[in-house]
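Examining the three-dimensional arrangement
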Amino acid sequence: MDIMSKEERSRSMSLIKSRDTQPEKTVRSLLHKMGFRFSLQRKDLPGKPDIVLPKYKTVIFVHGCFWHRHYNCKRASTPKSNIEFWQAKFEANKKRDRRARKANRDLGWNVIIIWECQISKMKQQPNLLKNEILKSFQ
């Protein structure tokens, strides 16, 4: 049983942002400090990647572990109420993510997924991110 009313839950969920999230801002800041130039949320690319590095023909999706179901991550817990709804929601998210990755690759773009839980490590070791971009470019 949910501890919030339907109206409270709806209001709470509507406040969750889909762009310009703190993890995205952190990754963008790291990229900028390393000298990478990029564009954001390109609508002409499948899945509207969070970050696009045109020079490297690379797109970056910054995924929240909860919403995109990072495998074996403690942040990818499933709510205890309305389980069927959440399972269907998460499965639809994963399918949409797979379609977007494949479509971008089919268009010749390199795809990098950065998970929310990986960002603190990248802040400590920015070369991890740089190496991932350069590796995908080769």
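Comments concerning the overall build of the protein chain
If you tally the helices and strands in the protein chain, you get 6 helices and 4 strands. Mapped in sequence order, the helices and strands of the protein chain form the string α-α-β-β-β-α-α-β-α-α. Expressed as a percentage of the 138 residues in the protein chain, the buried residues total 32%. Looking at the protein chain alone, contacts between residues at least 24 apart form 53% of all its contacts between residues at least 6 apart. As displayed, the protein chain has an accessible area near 9300 Å², and 51% of this comes from carbon and sulfur atoms.

Regarding the pairing of strand β3 (residues 58-63)
Within β3, 6 of the 6 residues are buried, leaving the element largely enclosed by the surrounding structure. Burial along β3 is two-sided: Thr58, Ile60 and Val62 and Val59, Phe61 and His63, pointing in opposite directions, are all buried.

Digging into the sheet that holds strand β4 (residues 110-115)
Note: strands within a sheet are paired through backbone hydrogen bonds, in either parallel or antiparallel orientation. The strand order across the open sheet built from 4 strands is β1-β2-β3-β4, with neighbouring strands paired in mixed fashion. Each edge of the sheet is formed by a strand with only one pairing partner; in this case those strands are β1 (39-40) and β4. Of the strand pairs in this sheet, β3 and β4 are connected by 6 bridges, and their pairing is parallel. Looking at β4, one finds that Thr58 is bridged to Asn110. Running over the sheet, helix α2 (residues 22-33) touches β1, β2 (51-53), β3 and β4 and is turned about 140 degrees from β3.

Considering the packing of aromatic side chains
Aromatic rings in a pair are described by how distant their centres are and how their planes are angled relative to each other. One pass over the structure, following the stated rule, counts 7 aromatic pairs. Judged by centre distance (5.4 Å) and plane angle (65 degrees), the rings of Phe36 and Tyr56 are edge-to-face. Within this pair, whereas Phe36 is found in the loop between α2 and β1, its partner Tyr56 is found in the loop between β2 and β3, the two being separated by 20 residues in sequence. Taken as a pair, Phe36 and Tyr56 share a single burial class, namely buried. Put simply, the rings of Phe66, Trp67, Phe85, Trp86 and Phe90 pair up and form one aromatic cluster. One Lys or Arg, Arg69, reaches over the ring of Phe66 and ends 5.8 Å from the middle of that ring. In this structure, Arg69 packs its charged tip against the face of Phe90, placed 3.8 Å from the ring centre.

Here's the deal with helix α4 (residues 83-106)
Taking 1.5 Å of rise per residue, 24 residues should cover 34 Å, and α4 covers 34 Å from first to last C-alpha, within 8% of that figure. Two residues or fewer past α4, Gly108 is found with a positive phi of approximately 90 degrees.

So, α2
With 12 residues, α2 extends 16 Å from end C-alpha to end C-alpha; this agrees with the ideal 16 Å at 1.5 Å per step. Within α2, burial applies to Glu24, Thr26, Val27, Arg28, Leu30 and Leu31. Gly35 occupies a position one or two residues after α2 and carries a positive phi of about 95 degrees.

Quick notes on the rules
Residues numbered from 1 in each chain as written. Predicted model: local features only at pLDDT ≥ 70, side-chain atom pairs only at ≥ 80, totals over all residues. Heavy atoms only, no water. Helix = DSSP H or I, 4+ residues; strand = E, 2+ residues; numbered from the N terminus. Buried < 20%, exposed > 50% of the residue type's maximum accessible area, 1.4 Å probe, protein only. Contact = heavy atoms within 4.5 Å. Areas by Shrake-Rupley, 256 points an atom, 1.4 Å probe, with all protein chains shown as cover. Pairing = 2+ DSSP bridges. Axes fitted to C-alpha atoms, helices over the stretch in contact; angles between N-to-C directions. Phe/Tyr/Trp six-rings, centres within 6.5 Å; stacked < 30°, edge-to-face > 60°. Lys NZ or Arg CZ within 6 Å of the ring centre and 35° of its normal. Expected span 1.5 Å × (residues − 1).

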